[in-house]
Amino acid sequence: MKPISLTRYLIEEQHAGRINADLRLLIEVVARACKTISIAIGKGALGGVLGDAGSPGAASMNIQGEAQKKLDVLSNDILLEANAWGGHLAGLASEEMDHSQPIPDAFQRGNYLLLFDPLDGSSNIDVNISVGTIFSVLRCPDDVTAPGDEHFLQPGNTQVCAGYTTYGPSTMLVLTVGHGTHVFTLDREIGSFMMTRRDVQVPAETKEFAVNMSNQRFWEAPMQRYVDDLLQGKQGPRGKDFNMRWVASMVADVHRIITRGGIFSYPLDSKCRDKGGKLRLMYEANPMAFIIEQAGGAASTGRQRMLDVQPTGLHQRVPVFLGSRDEVEQAVRYHREHD
Ligand code: AHG
Ligand code: MN
Ligand code: MN
Ligand code: MN
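Values in this document were obtained by computation on a predicted structure and should not be read as measured data. (Residues numbered from 1 in each chain as written. Chains lettered and ligands numbered in written order. Predicted model: local features only at pLDDT ≥ 70, side-chain atom pairs only at ≥ 80, totals over all residues.)

Engineer: Teacher, can you tell me more about the sheet that holds strand S9 (residues 181-187) here?
Structural biologist: Sheets are built from strands paired through backbone hydrogen bonds, the pairs being either parallel or antiparallel. With mixed pairing, 8 strands are arranged side by side in an open sheet as S4-S3-S5-S6-S7-S8-S9-S10. Of all the strands in the sheet, just strand S4 (101-102) and strand S10 (192-197) have a single pairing partner and so form its edges. Bridge count for S9 against S10 is 5 bridges, and the pairing is antiparallel. What sits directly across from phenylalanine 184, in S10, is methionine 195. Sitting on the sheet, helix H3 (residues 70-84) touches strand S3 (89-94), strand S5 (112-120) and strand S6 (131-139), and the angle it makes with S5 is about 155°. (Pairing = 2+ DSSP bridges. Helix = DSSP H or I, 4+ residues; strand = E, 2+ residues; numbered from the N terminus. Contact = placed C-beta atoms within 7 Å. Axes fitted to C-alpha atoms, helices over the stretch in contact; angles between N-to-C directions.)

Engineer: Help me out: how do you make sense of helix H6 (residues 281-294) in this one?
Structural biologist: Two residues of an α-helix separated by three or four positions point the same way, owing to the 3.6 residues in each turn. Taking burial as the measure, the 14 residues of H6 include 14 buried ones, the bulk of the element. Backbone geometry just downstream of H6 places glycine 296 in the positive-phi region, at approximately 85°. (Buried ≥ 20, exposed ≤ 12 C-beta atoms within 10 Å, placed from the backbone.)

Engineer: How should the packing of helix H4 (residues 221-231) against helix H7 (residues 325-338) be read in this particular structure?
Structural biologist: Packed helices, taken two at a time, are described by the angle between their axes plus the distance between the axes. It is the contact of H4 with H7, at a shortest axis distance of 9 Å, that shows an interaxial angle of 135°. Taken together, H4 and H7 sit at an angle that is classed as oblique. When the axes of H4 and H7 are compared, the crossing they make is right-handed. Taken together, the residues of H7 that come into contact with H4 (itself represented by Ala221, Pro222, Arg225 and Tyr226) are Ala331, Tyr334, His335 and His338. Grouping the amino acids of the contact of H4 with H7 by side-chain chemistry returns 5 nonpolar, 2 polar and 1 charged. (Parallel < 35°, antiparallel > 145°, perpendicular 65-115°, else oblique. Left-handed = near helix turned anticlockwise from the far one by under 90°. Nonpolar A, V, L, I, M, F, W, Y, C, P; charged D, E, K, R; others polar.)

Engineer: Mind showing me how you'd approach the nonpolar core here?
Structural biologist: The nonpolar side chains of soluble globular proteins are, as a tendency, buried together. Of all hydrophobic cores here, the largest spans 92 residues; its most connected members are Tyr112, Met288 and Leu322. The leading source of residues in this core is helix H2 (residues 21-43), at 10 residues. With residues up to four places along the chain from it excluded, the contact list for leucine 322 reads Phe264, Met288, Ala289, Ile292, Gly297, Ala298, Ala299 and Val328. (Core = buried A, V, L, I, M, F, W, Y, C linked by C-beta atoms within 7 Å.)

Engineer: Please clarify how the packing of H2 against H3 should be interpreted in this entry.
Structural biologist: The N-to-C vectors of H2 and H3 enclose an angle of 150°; their axes lie 9 Å apart at closest approach. For the element pair H2 / H3, the angle class is roughly antiparallel. Like other packed secondary-structure pairs, H2 and H3 cross with a definite hand, here right-handed. The segment H2 lies against H3, with Val29, Val30, Arg32, Ala33, Thr36, Ile37, Ala40 and Ile41 engaging Leu71, Leu74, Ser75, Ile78, Leu79, Ala82 and Asn83. Partitioned by chemical class, the residues of the contact of H2 with H3 number 11 nonpolar, 3 polar and 1 charged.

Engineer: How should I be thinking about the pairing of strand S13 (residues 263-266) in this particular structure?
Structural biologist: On any regular strand, side chains alternate: one points to one face of the sheet, the next to the other face. Going residue by residue along S13, you find Ile263 and Ser265 tucked away on one face and Phe264 and Tyr266 tucked away on the opposite face as well. By the bridge criterion, 2 bridges tie strand S11 (residues 208-210) to S13 in an arrangement that is parallel. Opposite alanine 210, over in S13, you have phenylalanine 264 as the bridge partner. Where S13 lies against strand S17 (residues 320-323), 4 bridges are found, and the strand directions are antiparallel.

Take a look at the structure:
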């Protein structure tokens, strides 16, 4: 049977009363922007899009303290431009911008807030490894017409939509509007995202973990113990051999887990302790947590359900454990037993 398009899926969701027309069109606009980013990435060196942004020898820095890649800036611009005039948004916030931006007065404003990581895994772009875009949609508070940063500080459990696109051998969009998680693959000839997996379910158990092992000596005690036990394999307390994978693009690592299970972790370590973690709550951890929970998985900071964290800052960072439900529970148990 021919797969249905993203457009048809969204119209069916609208007819079922699960989303309204504004949210449907907002998602279409984001998906279209992701197609544009996909085309830019696909051109690679021929498109002159690789390498650092800024002037030679002096890359521009973002608010995260990271050197920006040309594609970080380009992807941010594509998402900003595409979403400014749609009429469905009140404001936008991004990893690459110091502050959120209300929709300019010249355009019609809507009721939603959009947050995004325009290019995730950008350290991988110059070596032709999968990268992605992550996004999250919140409601704008009723009485607010020109939202400021504070209006974005809503816990992840209030998200109305979250998704990511992975630009790999194929371009895929993984989406939830709170009724399951669905996978779409970009048909490059037609130019449409087509549904290739409906209601994907992350297996509850796994033998695969994803973590940057080079940080091991900087981790907290419960994380050290958790991974020590994984590495002992069959002879150890976990009683099974584990495999490890680390792409260093969160999108690609999470997509593997969506596809075949696993646990992804970016824990607290002594290098990122002062910042609260490495990954950003609002446009990395929360959207991924929503997507994973809707696929039957779990997401935690190690000490709290991710979606219940009350944000205190737009660029706030958190420790992340997400993926197969039983394995995330194991990681949480090590933290609980230690604290
Ligand atoms: P970004 O490229 O959006 O700044 O995010 C990078 C993140 C995430 O994608 C990945 O999981 C992690 O950083 C990689 O960290 P390491 O450099 O420690 O591997
Ligand atoms: Mn970055
Ligand atoms: Mn990222
Ligand atoms: Mn990024």
